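# Coordinate analysis (summary)
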Amino acid sequence: MSEMDDLAAFAVLIEAGSFTLAAQQLGCSKGQLSKRISLLESRFSVVLLQRTTRRLSLTAAGAALLPQAQALLVQVQRARQALARLKDEISGPVRMTVPVSLGETFFEGLLTEFAQRYPDVQIELELNNGYRDLSRDGFDLAIRSDAALDERLVARPLLAWHELTCASPAYLEHYGEPLTPQGLVEHRCLLNSHYSGREEWLYHQQHELLRVRVSGPFASNHYSLLKKAALANAGIARLPSYLLHEELADGRLRWLLRDFQTRRMPMYLVHPYQGGLPKRTQVLADYLIDWFKRSGEALDRLQR
């Protein structure tokens, strides 16, 4: 403990009138409190208290020091109250880093729904597919896959997404619809260049793993560009389920090979360990969890 802590403990002791009550207020043992007072006396080379079995009485040195210790205690209490008010305010900046394609799905909601509810919260949204150290880089929230989690982060589940195979009605009218993964060999496929094995698409049916070699006229490391290419009738794409519920619902894209599953990948909303999120960060976290819940429910309705 610091000298300031010991001075505050001295003020609490005098106000409480006994080591027992003061120790309870400070959350320590009587022995620990007695040691702190003795250390304080040793630092100042004075005796602050006359101790008897029934009462505490101040020495002249103790009486001279008490007003200063009490003033320090008041300042500590005011500082705690100021921080508590700041923590409860729904205003101020929140910095968040998320994968590029994921951030593009909900940013319109941040600009409309969330901004209407909490107009005094300022969001800084970084779209970045790389790993960011939240504490070192000053971020309040992030969205991560399970592979990127570590023990320094608190994680709340958002969704488990998987890639859906899809194409536009115009493309399918011209080239036909593949009924099995092997049928993709005859089609123009849109490839994700982020993956080293971009020309090998994997599917599962029951306990069987199917590997298909595909090819096509266009590749990109950006899911949103692959979706635009599919909407432009350029070919068949595999895209994250969280990107597609609107296009599937209005018929601009059709979901192919529904009986063949792709790997599910959980995503989490994470933040550094701390004693409780500021209110402005908590309301944003709650909004995102609700947004992804609604998005998932919309996709579930399409599967029925």
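Conventions and cut-offs
Residues numbered from 1 in each chain as written. Predicted model: local features only at pLDDT ≥ 70, side-chain atom pairs only at ≥ 80, totals over all residues. Heavy atoms only, no water. UniProt positions renumbered as here; feature names shortened; annotations may be inferred. Buried < 20%, exposed > 50% of the residue type's maximum accessible area, 1.4 Å probe, protein only. Helix = DSSP H or I, 4+ residues; strand = E, 2+ residues; numbered from the N terminus. Phe/Tyr/Trp six-rings, centres within 6.5 Å; stacked < 30°, edge-to-face > 60°. Lys NZ or Arg CZ within 6 Å of the ring centre and 35° of its normal. Contact = heavy atoms within 4.5 Å. Polar contact = N/O pair within 3.5 Å; in protein donor to acceptor, adjacent residues only side chain to side chain. Axes fitted to C-alpha atoms, helices over the stretch in contact; angles between N-to-C directions. Parallel < 35°, antiparallel > 145°, perpendicular 65-115°, else oblique. Left-handed = near helix turned anticlockwise from the far one by under 90°.

Under an unreviewed UniProt entry, the name given to the protein chain is LysR family transcriptional regulator, and the organism recorded is Pseudomonas rhizophila. Under the UniProt heading Sequence similarities (unreviewed entry), the note attached to the protein chain is "Belongs to the LysR transcriptional regulatory family."

## As for helix α8 (residues 223-231)
Helical geometry: 3.6 residues make up each α-helical turn, so side chains three or four residues apart lie on a common side. Listed in full, the buried residues belonging to α8 are Tyr223, Ser224, Leu226, Lys227, Ala229 and Ala230. Just downstream of α8, Asn233 is the residue with a positive phi angle, here 70 degrees.

## With respect to the packing of aromatic side chains
Following the criterion strictly, the structure yields 8 aromatic pairs and no others. Between Trp161 and Tyr242, the ring centres sit 5.5 Å apart and the planes meet at 75 degrees, which makes this aromatic pair edge-to-face. Residue Trp161 is found in strand β6 (residues 153-161), and its partner Tyr242 is found in the loop between β12 (236-240) and α9 (245-249); the two are separated by 81 residues along the sequence. Its relative accessible area of 7% is what places Trp161 among the buried residues. In textbook terms, an aromatic cluster arises when at least three aromatic residues are bridged by ring pairs, as seen for Phe106, Trp291 and Phe292. Over the ring of Tyr203 we find Arg238; its NZ or CZ atom is 4.8 Å from the centre of that ring.

## Describing the environment of Trp201
In this fold, Trp201 is placed in strand β9 (residues 200-205). What makes Trp201 buried here is its relative accessible area of 6%. In the structure, Trp201 is positioned 49 residues away from Asp250 in sequence and 26 Å away in space, judged by C-alpha atoms. Not counting chain neighbours up to four residues away, the residues in contact with Trp201 comprise Leu184, Cys189, Leu190, Leu191, Leu210, Arg211, Val212, Val214, Ile236, Ala237 and Arg238. Here the side chain of Trp201 touches Arg198 through a polar contact of 3.3 Å, landing on its backbone oxygen.

## Considering the packing of helix α1 (residues 3-16) against helix α2 (residues 19-26)
Here α1 crosses α2 at 130 degrees, and the two axes come no closer than 8 Å. Taken together, the axes of α1 and α2 lie oblique to each other. At the point where α1 passes α2, the crossing takes the right-handed sense. Side by side, α1 and α2 meet where Ala9, Val12, Leu13 and Ala16 of the first sit next to Phe19, Leu21, Ala22, Gln25 and Leu26 of the second.

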